[in-house]
Amino acid sequence: MDMYIYDSLKKDKVKFIPIEPKVAKIYVCGPTVYDDAHLGHARSALSFDILGRTLKALGFNTTIAKNFTDIDDKIINKLKETEMSLKELTEFYIDRYLKEMEALNIKRADIEPKATESIDAIEQMIFKLLEKNYAYKIENGDIYFDTSKDDRYGTISSMVRDDENTQSRVCHTSKKRNPKDFALWKACKENGDICFDTTFGKGRPGWHIECSAMIEKLFHKRGEYSVDIHGGGADLLFPHHENEASQTRCANRTRNSQILDA
Ligand SMILES: [Zn+2]
């Protein structure tokens, strides 16, 4: 039996044709764990649980990975209100999230990667983007993705517009080249900042890079570049999924190839 799924890129229902016959690899953007889950989290979890169960029932060997964002500005702000460590705080909310989803009879994902446990993959991807000139480092050590280098930026969400007012305001207050550019890496600024050591300096990842890096780490084999289905809440389409798609496309693009632009 054929299965049709709505594709945000094509803006249409398309027949599901996996990379490998009868194998379905799914990556879903999970919660940022700084507070209790809300209905939107449950809706996303339920949707992709139903999708996974349906594919399994149709005979697909299905793997679902759903991440936990366990390092982020919102988490750092929350930490300032508590006496907890980063690990204590994020594990507390991960545990509550899992219990709440279990109460809704939602199955756990097969793989549940965390950003803080994927720094090696994040470092590798940022390094690749810097090397290929799709990313640039500014004076304070932050690293940005250069959206102007990707002519397909905006194709998923169709929400990117050049706004001269925004451009002048953002460029005045930040050293990034373009208001659409987004942080891949936030350098350590003060003593006590939560930092990870990498070849391009101490700091922490921006939000968008973690999912692209985790997909590379978990699913890439034999030169394949992607999962079959990438999902998440509709509110993530822009900027998160747009940015993820763009950086993955550019990190894997060779000079004469645009293999990810299908
Ligand atoms: Zn994501």
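Since this is a predicted model, take the numbers as computed values, not measurements.

Draft legend 1. The sheet that holds strand β9 (residues 229-231), seen in detail. Pairing is parallel in the open sheet, where three strands are placed in the order β4-β3-β9. The sheet is open, and its two edges are formed by β4 (61-66) and β9, each paired on a single side. On average, each strand axis in the sheet is inclined to that of its neighbour by 15°, with strand direction left out of account. Direction of pairing for strand β3 (residues 23-28) relative to β9: parallel, over a ladder of three bridges. Considered in β9, the bridge of Y27 is made with H230. Each of β3, β4 and β9 is contacted by helix α1 (residues 39-57), which is oriented at about 165° to β4, the strand it contacts most.

Draft legend 2. Examining the pairing of β3 more closely. A large share of β3 lies buried, amounting to six of its six residues. Of the two faces of β3, the one lined by V23, K25 and Y27 and the one lined by A24, I26 and V28 are each fully buried. Pairing between β3 and β4: six bridges, direction parallel. Its bridge partner being in β4, V23 is matched across the sheet by N61. In this fold, β3 hands off to α1, which returns the chain to β4; that crossover is right-handed.

Draft legend 3. Region of interest: helix α6 (residues 207-219). For α6, a buried count of ten out of 13 residues is recorded, marking the element as mostly surrounded by other parts of the structure. Within the span of α6, buried status applies to H208, I209, E210, C211, S212, A213, M214, I215, E216 and F219.

Draft legend 4. Expanded view of the sheet that holds strand β5 (residues 135-137). Here four strands make up an open sheet; going across it, the order is β5-β6-β7-β8 and the pairing antiparallel. Unpaired on one side and paired on the other, β5 and β8 (203-205) mark the two borders of the sheet. Each adjacent strand pair in this sheet contributes to an overall mean axis angle of 20°, direction not counted.

Draft legend 5. Spatial organisation of the packing of helix α4 (residues 119-131) against helix α7 (residues 237-251). Where α4 contacts α7, the axes come no closer than 9 Å and their chain directions differ by 65°. Comparing the axis directions of α4 and α7 gives the class roughly perpendicular. At the point where α4 passes α7, the crossing takes the left-handed sense. The segment α4 lies against α7, with M125, K128 and L129 engaging Q247, T248, C250 and A251. For the contact of α4 with α7, the residue count by class is four nonpolar, two polar and one charged.

Rules behind the numbers
- Residues numbered from 1 in each chain as written.
- Predicted model: local features only at pLDDT ≥ 70, side-chain atom pairs only at ≥ 80, totals over all residues.
- Heavy atoms only, no water.
- Pairing = 2+ DSSP bridges.
- Helix = DSSP H or I, 4+ residues; strand = E, 2+ residues; numbered from the N terminus.
- Axes fitted to C-alpha atoms, helices over the stretch in contact; angles between N-to-C directions.
- Contact = heavy atoms within 4.5 Å.
- Buried < 20%, exposed > 50% of the residue type's maximum accessible area, 1.4 Å probe, protein only.
- Right-handed = clockwise from strand over helix to strand, strands pointing away.
- Parallel < 35°, antiparallel > 145°, perpendicular 65-115°, else oblique.
- Left-handed = near helix turned anticlockwise from the far one by under 90°.
- Nonpolar A, V, L, I, M, F, W, Y, C, P; charged D, E, K, R; others polar.

Function-wise, these values are silent; they only describe arrangement.
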